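Chain and residue survey
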Amino acid sequence: MPINRELRTGLRYVAVGAACALLSNILLVGAVMTGAHYFVAGLLTIAPILAISFLLHCFVTFEVPPTAEAFARYSVTALPSYPLWFVSIAALSDGLGAPIWAASPIATGIVFLWNYIGTNWSLRGAGRDRQRQPSCSARR
């Protein structure tokens, strides 16, 4: 029984998202364990995780070419999740006294749905843009 295309895309999104979340949490927890405040550590993770997650979602999740326009859309939807992530970590860590190794993954889970919706919009838009353009053979 073939798996529905949307289900396959959703499963790939979860796999890529989980890998990026794991990498982000490893970087954050590692930086905090070396003495950095979680806010500073989080700021240091934004650029590499944004770039890595964009490329992985392009190539693996949605199978679309990475373009500057798609990266701009992706950034517009992904970057607002970082303040939500920081606020969640602060509430869990400073407010409730949770250790960073627990607060970071919980905060990551809180922003997962937002990121799925935004990534789907930003990268599927790139695929639609590509489909509207005539192929090389059609232009001849």
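Details of helix 1 (residues 5-33)
The end-to-end C-alpha distance of helix 1, which contains 29 residues, comes to 41 Å, matching closely the 42 Å that a straight helix rising 1.5 Å per residue would cover. Of all the residues in helix 1, the buried ones are Thr9, Gly10, Tyr13, Val16, Gly17, Cys20, Ala21, Ser24, Asn25, Leu28, Val29 and Ala31. Just beyond helix 1, the residue with positive phi is Gly35, at close to 115°.

Quick notes on the nonpolar core
Counting 13 residues, the largest nonpolar core has Leu28, Tyr82, Trp85, Phe86, Ile89 and Ile100 as the members making the most contacts within it. Apart from residues no more than four positions distant in its own chain, Phe86 is found in contact with Tyr38, Phe39, Gly42, Leu43 and Ile46. Leu50, Phe54, Cys58 and Ala70 belong to the second largest nonpolar core, which has 9 residues in total.

Considering the packing of aromatic side chains
Geometrically, a pair of aromatic rings is defined through the distance of the ring centres and the angle of the planes. Across all of its chains, the model carries 6 aromatic pairs by this definition. When the ring of Tyr13 is compared with that of Phe112, the centres are 5.4 Å apart and the planes differ by 65°; the resulting orientation is edge-to-face. Placement of Tyr13 in helix 1 and of Phe112 in helix 5 (residues 100-132) is noted, with a sequence separation of 99 residues between them. We classify Tyr13 as buried; its relative accessible area is 3%. Classification of Phe112 by relative accessible area gives partly exposed; the value is 35%. The interplanar angle of 50° and the centroid separation of 5.6 Å between the aromatic rings of Phe54 and Tyr74 together place this pair among those described as tilted. Here Phe54, found in helix 2 (residues 38-61), pairs with Tyr74, found in helix 3 (residues 68-78); they are 20 residues apart in sequence, far enough to count as distant. Under the relative-accessibility criterion, Phe54 is labelled buried at 5%. Taking relative accessible area as the criterion, Tyr74 reaches 4% and is therefore assigned buried.

The rules behind each value
- Residues numbered from 1 in each chain as written.
- Predicted model: local features only at pLDDT ≥ 70, side-chain atom pairs only at ≥ 80, totals over all residues.
- Heavy atoms only, no water.
- Helix = DSSP H or I, 4+ residues; strand = E, 2+ residues; numbered from the N terminus.
- Expected span 1.5 Å × (residues − 1).
- Buried < 20%, exposed > 50% of the residue type's maximum accessible area, 1.4 Å probe, protein only.
- Core = buried A, V, L, I, M, F, W, Y, C linked by side-chain atoms within 4.5 Å.
- Contact = heavy atoms within 4.5 Å.
- Phe/Tyr/Trp six-rings, centres within 6.5 Å; stacked < 30°, edge-to-face > 60°.

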